[in-house]
Amino acid sequence: MMFLKRFRSLNYLLCIFIIFTSCGKKGDVKGATEAIKRGKYIEAVKSLKSALNTDSLNPEIHFNLSLAYIHLDSTQRAYEHFIRLVELQSPLKDSIDLKLLLTRSLMIDPYSSSPIPMGKMNQFKGCFGPDNELLAVAAAKKDIADIYLIKLDGTIVKKLTKRGMNTDPAFSPKGDKIAYVSSIDGDEEIFLYDINTDSTIKLTNNDYTDFSPVFSPDGKEIAYVTNRDGGWEIYKINLVQRQAFRLTKNNFWDGFPSYTPDGQFIVFSSKRNGSEDIYIMKPNGADERLLYYTKFDETDPHLAGDNLYFRSNMDGEFEIYNVDIKKKILTRLTYNDVPDWNPRVSSDGKRIVISRKVKNLWQLYFVNLENPIPAEVIAERIKTTIGIKD
């Protein structure tokens, strides 16, 4: 009887110990998670290392250690815990926040990208139609570019132009019209092709250079760049009255206008402060203000919600970037030894088409923002980087 009482007492104490240590481990992890949110990475590491001593197979601990170490620039340790996370096959390995930090450290593209094949044609620029499946592309077999309608697999649906140098295609919001730039009359003017009627009209008609057209979200206006007043300024033209209205007025380069999806603003790039920076203004040209800048060149902007997409040479060659305007988080989307140009974002914000120069040939790629590269690919790159063999 006495033995049974002692056994029950020991069993009770053991349960209390298990509950206490379990709660302690959970408390360490929870406290570390909160510390990481506050930017207290060293504090988080101390708690997590303590928890790891008693629970080395806990994926949450490895996830938070990798996250904390990568913020502390302790990449070797961050890599090691991420590899363990992948080995444990935890869903936490697919955290986009951790993947973005690791791919930046490894200097590899965070999202999958695919070439859009068109044989050996130079593909200078492309843009998505409203269905995000059809593209309008400026491409050339030799030196003279034409405008094509193609599918994402590179299948040519239709060739829209036959003469002159043609570039800068832009879809209307309904997908029934395509604006583009052509030198068919000697200088570069903006033309408007109607898909339904298979007809083309000349939208601008002057002795100057007009280019980089973009539709307003309601389809009633087109903003573009021109040097009709001596410098490079942004204008817009009403598609009914065909009246041009000047939006920017200064002695410096202003270019690459893009409407926000709600039509409330136009983002553009300007060299008025020396380097090329990104500005924002109302559609009538009022309330200009600086939106994003560095000492390098940022251009080709597209603003969707809080996400600003652009190309920049801040790391040497021109690459494609995204910055969250509110959170001030910068993400580099491409890593190459070759330039990436002309980013165009799909209307749903899930894809980007870019032009990349590979072996002296411009080729279009589309980046799928819904498809981060697999954790297993990151783990393999880490193993190669730090010299781990399977």
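Computed from a prediction, not measured in an experiment: that's the story for all the values here.

## Section: the pairing of strand E23 (residues 351-358)
- The buried fraction of E23 amounts to six of the eight residues, a majority that puts the element mostly inside the structure.
- The antiparallel pairing of strand E22 (residues 340-345) with E23 creates a hairpin that spans five residues between the two strands, and Gly349 there sits at a positive phi of about 70°.
- Direction of pairing for E23 relative to strand E24 (residues 361-372): antiparallel, over a ladder of eight bridges. Paired with Val353 across the bridge in E24 is Phe366.
- Where E23 folds back on E24, the antiparallel hairpin that results is connected by two residues, among which Lys359 adopts a positive phi of roughly 50°.

## Topic: the domain arrangement of the protein
- By the assigned domains, the protein splits into domain 1 (22-108 + 377-386) and domain 2 (111-372).
- On a C-alpha basis, the centres of domain 1 and domain 2 stand 39 Å from each other.
- With seven residues of domain 1 at the interface, the matching set in domain 2 holds six residues.
- Counting the surface lost from both domain 1 and domain 2, the interface buries some 520 Å², and carbon and sulfur atoms represent 66% of this.
- A per-residue breakdown of the area domain 1 buries against domain 2 is headed by Leu100, Arg104 and Met107, which together make up 61% of the total.
- Taken together, domain 1 and domain 2 are joined by zero residue pairs in polar contact (both at pLDDT 80 or more).

## Looking at the sheet that holds E22
- One open sheet holds the four strands; their spatial order is E1-E24-E23-E22, and the pairing between them is antiparallel. What marks the edges here is a single partner per strand, and that holds for strand E1 (111-115) and E22. Along the sheet, successive strands turn relative to each other by an average axial angle of 30°, direction set aside.
- As paired elements, E1 and E24 share four bridges and run antiparallel to each other. Its bridge partner lying in E24, Pro115 is registered against Tyr365.

## Notes on the environment of Ala179
- Counting through the fold element by element, Ala179 comes out in strand E7 (residues 177-182).
- Ala179 has contacts with Asp168, Pro169, Ala170, Phe191, Leu192, Pro213, Phe215 and Ile222, leaving out every residue within four places of it along the chain.

## Brief notes about the environment of Gln76
- Here Gln76 lies in helix H4 (residues 75-87).
- Among the residues examined, Gln76 registers a relative accessible area of 40% and is labelled partly exposed.
- Taking the C-alpha atoms as reference points, Gln76 and Asp153, separated by 77 residues in sequence, lie 39 Å from one another.

The rules we used
Residues numbered from 1 in each chain as written. Predicted model: local features only at pLDDT ≥ 70, side-chain atom pairs only at ≥ 80, totals over all residues. Heavy atoms only, no water. Buried < 20%, exposed > 50% of the residue type's maximum accessible area, 1.4 Å probe, protein only. Helix = DSSP H or I, 4+ residues; strand = E, 2+ residues; numbered from the N terminus. Pairing = 2+ DSSP bridges. Domains from an automatic or database assignment. Contact = heavy atoms within 4.5 Å. Buried area = accessible area lost by both parts, 1.4 Å probe. Polar contact = N/O pair within 3.5 Å; in protein donor to acceptor, adjacent residues only side chain to side chain. Axes fitted to C-alpha atoms, helices over the stretch in contact; angles between N-to-C directions.

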